[in-house]
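Commentary on secondary and tertiary structure
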Amino acid sequence: MRIATWNVNSLKARLPRVEEWLAYARPDVLCLQETKLADSAFPGLAFESLGYRSAHHGEGRWNGVAILSRVGLDDVVAGFDDSREPDVDARMLWATCGPVRVCSVYVPNGREVGHDHYRYKLDWLARLRQHLEAAHDPARPLVIGGDFNIAPADADVWDIAAFEGSTHVTEPEREALRALEEWGLEDAFRRLHPEPGLYSYWDYRAGMFHKRQGMRIDLLLATAPVVETVTFALVDRQARKGKLPSDHAPVLIDVDTDRL
DNA sequence: ATGGTCGCGCAGCGA
């Protein structure tokens, strides 16, 4: 079972690239972020024609997350599944796809250290941690895929010195990510690829992609039963090339579900 | 080259 995550930076602008990618990568499950669509504008029929069921949670203009699946799509929940006040933004979507509970997340960017949005980011991650503790079991198959807007370690950015004082690499952000890992999630891509220089996001500006100056902020966090059966992991840099690319590349893992 | 790019939506913000 191939599970992927991709921040598409507008699904309206990216639909041809997403369709092309589905055709050649053939993921079983794809988590999308930054669709920037209202639910009424989500192109579900286009995905249906390619063999995918889909669910979307969006508000239009900003944010927006989706899950596509060709192995079933059940028990869909939009937003935090914790009976508390709804999130102000459309950043989270849950669905059960075959044997795996899947969550697509677009973690707040944070904007600047000390900004209200930075506090919102940390609160958002803490709320996810609380929800996992209250309602999930790390012994069961769960994958949270998305744009976490956090580089887990210094090796996940092209030059840590360039990020002095910036969001995405601060200790509170990394601590919030570690809290998810301490509950029972693991960075599945990193487990198979410990080498540095592997990124999932490159700024559009200044030829950052061609200079290989990126950040690895798109993660597939998986519980132990999933992570122990991962046979392959990849950042598809091809999808960052060519005509009208997203500024993020898709990240995928292959899971041997027979061993789940 | 002292700025570089997108997307949204039509100015300027967010990333």
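Here is what the cut-offs are and how they apply
- Residues numbered from 1 in each chain as written.
- Chains lettered and ligands numbered in written order.
- Predicted model: local features only at pLDDT ≥ 70, side-chain atom pairs only at ≥ 80, totals over all residues.
- Heavy atoms only, no water.
- Salt bridge = Lys/Arg side-chain N within 4 Å of Asp/Glu carboxyl O.
- Helix = DSSP H or I, 4+ residues; strand = E, 2+ residues; numbered from the N terminus.
- Buried < 20%, exposed > 50% of the residue type's maximum accessible area, 1.4 Å probe, protein only.
- Lys, Arg positive; Asp, Glu negative; His and termini not counted.
- Polar contact = N/O pair within 3.5 Å; in protein donor to acceptor, adjacent residues only side chain to side chain.
- Contact = heavy atoms within 4.5 Å.
- Pairing = 2+ DSSP bridges.
- Axes fitted to C-alpha atoms, helices over the stretch in contact; angles between N-to-C directions.
- Near = heavy atom within 4 Å.
- Nonpolar A, V, L, I, M, F, W, Y, C, P; charged D, E, K, R; others polar.
- Core = buried A, V, L, I, M, F, W, Y, C linked by side-chain atoms within 4.5 Å.

1. With respect to the pattern of salt bridges
What the rule picks out here adds up to 17 salt bridges. A salt bridge links Glu85 to Arg127; the shortest N-O distance between them is 3.8 Å. Taken together, the residues Glu85 in the loop between β5 (74-78) and β6 (92-97) and Arg127 in helix α3 (residues 116-135) connect sequence positions 42 residues apart. We classify Arg127 as buried; its relative accessible area is 9%. Across the pair Arg205 and Asp203 runs a salt bridge whose closest N-O atoms are separated by 2.9 Å. Taking the relative accessible area as the measure of exposure, Asp203 reaches 18% and is therefore buried. Among the ionic contacts, a cluster of salt bridges with common partners joins Asp156, Asp187, Arg190 and Arg216.

2. Description of the side chain of Arg14
Mapped onto the elements of the fold, Arg14 is located in helix α1 (residues 11-25). Buried and unpaired, Arg14 has Asp247 as its nearest opposite-charge partner, separated by 6.1 Å. At 2.8 Å, the side chain of Arg14 forms a polar contact with the backbone oxygen of Val8. At 2.9 Å, the side chain of Arg14 and the backbone oxygen of Leu244 are in polar contact. When residues no more than four places from it in sequence are discounted, the contact partners of Arg14 are Val8, Asn9, Tyr204, Leu244, Pro245 and Ser246.

3. Focus on the sheet that holds strand β8 (residues 142-147)
Strand order in the open sheet formed by 6 strands is β5-β6-β7-β8-β10-β9, and the pairing between neighbours is mixed. Of all the strands in the sheet, the pair left with one neighbour each is β5 and β9 (185-187). Looking at each pair of strands side by side, their axes are set apart by 20° on average, direction ignored. Judged from the 6 bridges that link them, strand β7 (residues 100-106) and β8 form a sheet pairing that is parallel. Looking at the pairing, Val102 lines up with Val143 of β8. Taken strand by strand, α3 contacts β6, β7, β8 and β9, and its axis lies near 30° from that of β6.

4. Regarding the sheet that holds strand β12 (residues 251-255)
Read across the open sheet, the 6 strands follow the order β3-β4-β2-β1-β12-β11; overall the sheet is mixed. Here the strands that pair on one side only, and so sit at the sheet edges, are β3 (53-57) and β11 (230-235). Each strand axis lies, on average, 10° off the axis of its neighbour in the sheet, ignoring direction. Of the pairings in the sheet, the one linking strand β1 (residues 2-7) to strand β2 (residues 29-33) comprises 5 bridges and is parallel in character. Note that in β2 the partner of Thr5 across the bridge is Cys31.

5. What about the protein's contact with DNA strand B?
Around DNA strand B lies a shell of 13 residues, among which Ser10, Arg14, Arg111, Tyr204 and Arg205 are the nearest. Among atoms of DNA strand B positioned within 4 Å of the protein, sugar and phosphate together represent 69%. Within the side chain of Ser10, one N or O atom sits 2.3 Å away from a phosphate oxygen of DNA strand B. Taking Arg111, its side chain carries an N or O atom lying 2.8 Å from a phosphate oxygen of DNA strand B. A per-element tally of the surface near DNA strand B places α1 first, with 3 residues. Class assignment of the residues belonging to the surface near DNA strand B gives a composition of 4 nonpolar, 3 polar and 6 charged.

6. A few points about the nonpolar core
One finds Ile3, Val29, Ile67, Cys97, Val102, Val143 and Ile253 to be the most contacted residues of the largest nonpolar core, which totals 31 residues. The contact partners of Cys97, leaving out residues within four places of it in the chain, are Met1, Val29, Ile67, Ser69, Val71, Gly72, Leu73 and Val102. Grouped together as the second largest cluster of nonpolar side chains are 22 residues, Val105, Leu125, Leu128 and Leu219 included.

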